Amino acid sequence: MQYGVFIPNATNGYILSTGSPQYRPSFAHNVAITQEAEKQGLDFVLSMMKHRGSGGPSDFWGECLESFTLFGGLAAVTEKIGLYPSVTTLATHPIMAARMVATIDEISGGRCGLNIVTGWNKPEYTQMGLWPGDDYFNRRYEYAAEYVEVLRALWSDGPTTYHGEFFNFDEADMRPKPLHTPTVVCAGQSPAGQAFTAKHGDRNFIMAERSKVGTIAGGVRDLSAGEGRDVGTFALYCIIAEETDEAADKLCDHIVANADLEAISYMTTGASLDTNPDGTSAQLLASLERPASEGNMAFLSLPVIKGSYERVAAQLDEIAVTTGITGALLTWPDFVDGVTKFGERVKPLLKDAAQAPAAA
């Protein structure tokens, strides 16, 4: 198992509640989180990218640090940890994205990958005049497929000519090349997203209740094998680890009781516009009444793994063994403290079986 941090580069991270720590995104905060993750031996950090927040009393995602710029800074103050900025494909031309990844790879000494965000939240893009029409809901993975083809050609070939449905250019000269072949990840939740990631990505990120994680991971593994590829799945979780189960339950209940209903309403309204079945937006809409362990909307529908340090480690071990995932992308209500506790109190308790895939 590999473990990464979903760094909070937007207001209040990934919890829509006034019952959790309230903070604006800052470079200093994200540096502290990333350096602590590196110190504790975690494998990577990955950001999100949002162009419009959801409002409410918590001003959820009201401010968002631009992902590539942030990771250029993080690359300069770290030495070992993997770095995954996120690109919103509608807002950034692939030639520019390819160059930014190559630049961060240069700064970091070959540690930069890329998270592909196809973009289902229409209000983010209409405000910028970038929404291509509602048929994009069902065609965004066709667009993303060309996008990744362009990226990989620019990273590996000389002057590149490409004539597709969405991108057309001649003799694009993108240098310097990355120091290594960047790993491409994508949140392929829906059947279309899984098929895209199996064919074009290297890792798949999902947020799903426990009963679905193994099915999605196995499906992506089988689809990628059919393409002659090996694509692993990383599941998203929020960790609440305390000295006792009771302390963790108390904090979790407090967050849910103080959920920012206004911000949640705004986000789910946007999600309801997405016509692509069984994707991220469907997960958000279905999570309003779920228990936290299965992904309540106060936690952005990320399932919560909570309890004592021993219980959290046992749950992670059980997930690793029973679902076939190859890694986990983690969040916390308080990131710096959470990463420290995870590294010092949880990580040493993980069984060899849960860490075997990383060793292999």
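Since the model is a prediction, treat every value here as computed from it, not as a measurement.

## Topic: helix α2 (residues 67-76)
Stage number 1. Most of α2 sits inside the fold, with eight of its 10 residues counted as buried.
Stage number 2. Taken residue by residue, α2 has S67, F68, L70, F71, G72, G73, L74 and A75 as its buried positions.
Stage number 3. Against α1 (27-39), β2 (44-46), β3 (82-84), β4 (86-88), α3 (94-108) and β5 (114-117) lie the buried residues of α2.
Stage number 4. At the N-terminal end of α2, a side-chain oxygen is found 3.0 Å from the backbone nitrogen of F68, two or three residues along, and the residue is E66.

## Section: the packing of α1 against helix α12 (residues 335-346)
Stage number 1. Two elements in contact, α1 and α12, have axes separated by 9 Å at closest approach and are oriented at 0 degrees. Put simply, α1 runs roughly parallel to α12. Judged by residue contacts, H29, A32, I33, E36 and A37 of α1 engage F335, V336, V339 and T340 from α12.
Stage number 2. Class assignment of the residues belonging to the contact of α1 with α12 gives a composition of six nonpolar, two polar and one charged.

## Quick notes on the pattern of salt bridges
Stage number 1. Per the stated rule, a full pass over the model turns up 16 salt bridges.
Stage number 2. D134 is paired through a salt bridge with K122; the nearest N and O atoms lie 3.1 Å apart. Highlighted residues: D134 in the loop between α4 (122-126) and α5 (136-156) and K122 in helix α4, separated in sequence by 12 residues.
Stage number 3. According to the relative accessible area criterion, D134 is partly exposed, its value standing at 41%.
Stage number 4. We classify K122 as partly exposed; its relative accessible area is 23%.
Stage number 5. Close ionic contact of R139 with E142 constitutes a salt bridge, the shortest N to O distance being 2.6 Å. Of this pair, R139 and E142 both sit in helix α5, three residues apart, which is roughly one turn of the helix.
Stage number 6. Residue R139 is classed as partly exposed on the basis of its relative accessible area, which comes to 26%.
Stage number 7. Through salt bridges with shared partners, a single network forms among R139, E142 and E165.

So, how was this worked out
- Residues numbered from 1 in each chain as written.
- Predicted model: local features only at pLDDT ≥ 70, side-chain atom pairs only at ≥ 80, totals over all residues.
- Heavy atoms only, no water.
- Buried < 20%, exposed > 50% of the residue type's maximum accessible area, 1.4 Å probe, protein only.
- Helix = DSSP H or I, 4+ residues; strand = E, 2+ residues; numbered from the N terminus.
- Contact = heavy atoms within 4.5 Å.
- Polar contact = N/O pair within 3.5 Å; in protein donor to acceptor, adjacent residues only side chain to side chain.
- Axes fitted to C-alpha atoms, helices over the stretch in contact; angles between N-to-C directions.
- Parallel < 35°, antiparallel > 145°, perpendicular 65-115°, else oblique.
- Nonpolar A, V, L, I, M, F, W, Y, C, P; charged D, E, K, R; others polar.
- Salt bridge = Lys/Arg side-chain N within 4 Å of Asp/Glu carboxyl O.

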